[in-house]
Amino acid sequence: MLKKRIIPCLDIMDGKAVKGTNFKGLKVAGDPVELAKRYSDEGADELVFLDISATIEKRSTLVPLVEKVARAINIPFTVGGGIGREEDVKAVINAGADKIGVNSAAVAEPELIARIASQYGSQCVVVAIDTKRVHNEWQVFVHGGSKPTGLNTFEWARKAEELGAGEILLTSIEHDGMKSGFAINLTDMLSQLVHIPVIASGGAGHVSHFVELFTQTRVNAALAASILHYGEVSVSQLKQQLFAAGIAVRPFR
Ligand code: 0VR
């Protein structure tokens, strides 16, 4: 059975790791390089770095920090946030990223997924989908969760897969930062619809939330920020407890 992946997420604003709830009320949660090294040393399976700064000249701030984080870790590294063109992909890959996350730009220009996949391989392309229920339909939101697209989340995920996405990073905006558990039904439905790996994101607050996710859905990866940044549980403690609960995880320290 595929080992389950635990993936810490660094939401980056103006060079700092930040965290809020429902994508709002962002507060500094730590230094990106220190957090990245801690998670990697503790046995995190991968790391996601999400630049949510609204700075215009994003790349000039992003690349040096990506380089520092890449040097501090020895696990697969995904960089997202404001990646809109092939030049952005080239810049972060050259800075040490193994995969790129694309979100708003892919909604605006779906063919971007196919172009990046053909140039770097599908395994490099993580399509991030931020979603919220609108009149009981899971709708895709872009621009940091601020702009509704009218797109159905399931249809968009299928299209992203057809265009060559290697993974889907599925974030429930309404669960983000709430620490009340993942969006189980949403995640279960989407992971049965697509044939590529789905990373669940948003809501992790206790070890039991990860057990619930991995036993009640087919996802094989869970992304977490709040629960880890504030030290409620370490990556190694989380993996130890998942292993004790019979969940297949990779070795931890
Ligand atoms: P936790 O619930 O704290 O584990 O959050 C996991 C995940 O939702 C967040 O790390 C991240 O995806 C939140 N994303 C964005 C954002 C937060 C603020 C503003 C924008 C975005 O665009 O994804």
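You'll find the structure just up there.
Keep in mind that what you see is a predicted model, and the values were worked out from it rather than measured. (Residues numbered from 1 in each chain as written. Predicted model: local features only at pLDDT ≥ 70, side-chain atom pairs only at ≥ 80, totals over all residues. Heavy atoms only, no water.)

Draft legend 1. Examining the nonpolar core more closely. Within the largest apolar cluster, 76 residues are counted, with the highest numbers of intra-cluster contacts made by Val127, Ile168 and Phe210. With seven residues, helix α2 (residues 58-72) is the single largest residue contributor to this core. When near neighbours in sequence (up to four residues on either side) are disregarded, Phe210 contacts Ile6, Phe182, Ala204, Ala222, Ala224, Ile227, Leu238 and Leu242. In this structure, Cys9, Val126, Ala128 and Leu169 belong to the second largest nonpolar core, which totals 10 residues. (Core = buried A, V, L, I, M, F, W, Y, C linked by side-chain atoms within 4.5 Å. Buried < 20%, exposed > 50% of the residue type's maximum accessible area, 1.4 Å probe, protein only. Helix = DSSP H or I, 4+ residues; strand = E, 2+ residues; numbered from the N terminus. Contact = heavy atoms within 4.5 Å.)

Draft legend 2. Just the site of the ligand, in detail. Of all residues adjacent to the ligand, which total 19 residues, the nearest are Asp11, Lys19, Gly177, Gly203 and Ser226. With respect to the ligand, the side chain of Asp176 contributes an N or O atom lying 2.8 Å from an oxygen atom. In this structure, Ser226 approaches the ligand through a side-chain N or O atom, which is 2.4 Å from an oxygen atom. The protein chains hide 94% of the 530 Å² of surface that the ligand would expose on its own. Sorting the residues of the shell around the ligand by element identifies β1 (5-13) and β12 (221-224) as the ones contributing at least two each. Within the shell around the ligand, the residues separate by chemical class into eight nonpolar, seven polar and four charged. (Near = heavy atom within 4 Å. Polar contact = N/O pair within 3.5 Å; in protein donor to acceptor, adjacent residues only side chain to side chain. Areas by Shrake-Rupley, 256 points an atom, 1.4 Å probe, with all protein chains shown as cover. Nonpolar A, V, L, I, M, F, W, Y, C, P; charged D, E, K, R; others polar.)

Draft legend 3. Spatial organisation of the pairing of strand β9 (residues 147-152). Pairing of strand β8 (residues 137-142) with β9 involves three bridges; the strand directions are antiparallel. Its bridge partner being in β9, Gln139 is matched across the sheet by Asn152. Where β8 hands over to β9, the hairpin turn is made up of four residues, of which His143 adopts a positive phi near 55°. (Pairing = 2+ DSSP bridges.)

Draft legend 4. Representation of the pairing of strand β10 (residues 167-172) in the model. When you tally the buried positions in β10, you get six out of six residues, the bulk of the element. Residues Glu167, Leu169 and Thr171 line one face of β10 and the alternating positions Ile168, Leu170 and Ser172 line the opposite face, and both faces are buried. Of the strand pairs in this sheet, strand β7 (residues 125-134) and β10 are connected by six bridges, and their pairing is parallel. Paired with Ala128 across the strands is Leu169, a residue of β10. Strand direction decides the pairing type here: β10 and strand β11 (residues 198-201), joined by four bridges, are parallel. By the bridge assignment for β11, Leu170 is matched with Ala200.

Draft legend 5. Highlighting the side chain of Asp45. By secondary structure assignment, the location of Asp45 is in the loop between α1 (32-42) and β4 (47-51). In this structure Asp45 comes out as buried when scored by relative accessible area, which is 8%. One polar contact links Asp45 to Lys239, side chain to side chain, over a distance of 3.0 Å. Of the polar contacts made by the side chain of Asp45, one reaches the side chain of Arg250; its length is 3.3 Å. Setting aside chain neighbours within four positions, we find Asp45 in contact with Lys4, Arg5, Ile6, Ile75, Pro76, Lys239 and Arg250.

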